[in-house]
Every structure is written in C-alpha cells, then in structure tokens.
Amino acid sequence: MSTKTDGTFDLTSFEPEVLDEGPGAALGRVRITKAFQGGLVGTSTVHMLSVADVEGSPVAYVAVERFTGELDGRKGSFVLQHSAPGSQGEKLAIRVVQGTGSGDLAGITGDLAIIRSEDGGHSYVLEYTLG
C-alpha cells in the first residue's frame, strides 16, 4: 500500500558549468542544493547533466539527487533519479532508486512529482512505499 506526502522546497544553491558549447546545443553540469518542508523535512544535493538550446533554455536533463532528513517522521536518506527527455509529449519522471534507502527509510520505493507555481515556487508530491 502506498502513501502520499507533499510539501515545498527551496533551491538553496545553483552552480552551473558549461561542459561543451557547440552548434545547436550546450551541454552542462549543474550542482543544486535544496531545503524541503512538509512531509519531507531535510536537504538534498542534485547532480545534473543538461542540454540547453541555442537560446540557453534547458531542453533535456538527467540527474541523481540524494535526500537526507525525515519522511513523515522517519529518519534516513534515499536517492532520486530524474529523467526529462525533452521531446514533446514526454514529461519529467522522478523515481526513488530501489535499494538506496537508509535508516528508517530502508526499502523505500516510489515516485516524486514536482509542481512549479507561476511565482517560481516549487512544491512536490511523493507517493512511496516502505518495504
């Protein structure tokens, strides 16, 4: 049986680096840190590889993110895998990487959705199961 939890997060740092700037696209790496409130209380570090179009707008990315803190009062950590293919009709997918849960979060599986509001704020919904 899965459980849903939600809340908000803030980006506390955003450190981009261009790796390859060529015709049609730029390839980059970004390190991001976040602070979570709500069902998730804690911090995370994201390591992202991205593709930007000639105007500099992101069009695709993959990332791994380690969350450390509490989930609905349970302490531990887990890793999320992000995939945003960038093709029309395909959407961002974020899932808990099986086997990465520690502490009270050992055995966690699930999916995370990110919602970006018009004012630039971020919220999330995590649907998870603890094994």
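This is a predicted model, so every value here is computed, not measured.

**Points about a nonpolar patch on the surface**
- A cluster of nonpolar side chains, namely Leu-19, Leu-27, Leu-49 and Val-62, defines an oily patch on the protein surface of about 330 Å² accessible area.
- Relative to the assigned elements, Leu-19 resides in strand β1 (residues 3–22).

**What to know about the confidence of the model for the chain**
- Put simply, the chain has an average pLDDT of 93, and 97% of its residues get 70 or more.
- When the elements of the chain are averaged for pLDDT, strand β4 (residues 58–71) gives the smallest value, 94, and strand β7 (residues 102–103) the largest, 98.

**Side note on the side chain of Thr-33**
- Mapped onto the fold, Thr-33 is located in strand β2 (residues 25–38).
- Relative accessible area serves as the criterion here: at 14%, Thr-33 is assigned to the buried category.
- At 2.6 Å, the side chain of Thr-33 and the side chain of Thr-12 are in polar contact.
- Those residues in contact with Thr-33 that sit more than four places away from it in its chain are Asp-10, Leu-11, Thr-12, Ser-13, Ser-44 and Thr-45.

**Focus on the packing of aromatic side chains**
- In total, this model carries 4 aromatic pairs according to the counting rule given.
- Plain terms: the ring middles of Phe-9 and Phe-36 are 5.3 Å apart, the flat faces sit at 35° to each other, and that makes the pair tilted. With Phe-9 in strand β1 and Phe-36 in strand β2, this pair connects stretches of sequence that are 27 residues apart. Each member of the pair, Phe-9 as well as Phe-36, carries the same accessibility label: buried.
- Considering the side-chain rings of Phe-36 and Phe-67, the 5.4 Å spacing of their centres and the 90° angle between planes classify their relative orientation as edge-to-face.

Cut-offs applied
- Residues numbered from 1 in each chain as written.
- Predicted model: local features only at pLDDT ≥ 70, side-chain atom pairs only at ≥ 80, totals over all residues.
- Heavy atoms only, no water.
- Patch = residues over 30% accessible without salt bridge, like charges linked within 9 Å, V, L, I, M, F, W, Y side chains within 5 Å.
- Areas by Shrake-Rupley, 256 points an atom, 1.4 Å probe, with all protein chains shown as cover.
- Salt bridge = Lys/Arg side-chain N within 4 Å of Asp/Glu carboxyl O.
- Helix = DSSP H or I, 4+ residues; strand = E, 2+ residues; numbered from the N terminus.
- pLDDT = per-residue confidence, 0-100.
- Buried < 20%, exposed > 50% of the residue type's maximum accessible area, 1.4 Å probe, protein only.
- Polar contact = N/O pair within 3.5 Å; in protein donor to acceptor, adjacent residues only side chain to side chain.
- Contact = heavy atoms within 4.5 Å.
- Phe/Tyr/Trp six-rings, centres within 6.5 Å; stacked < 30°, edge-to-face > 60°.

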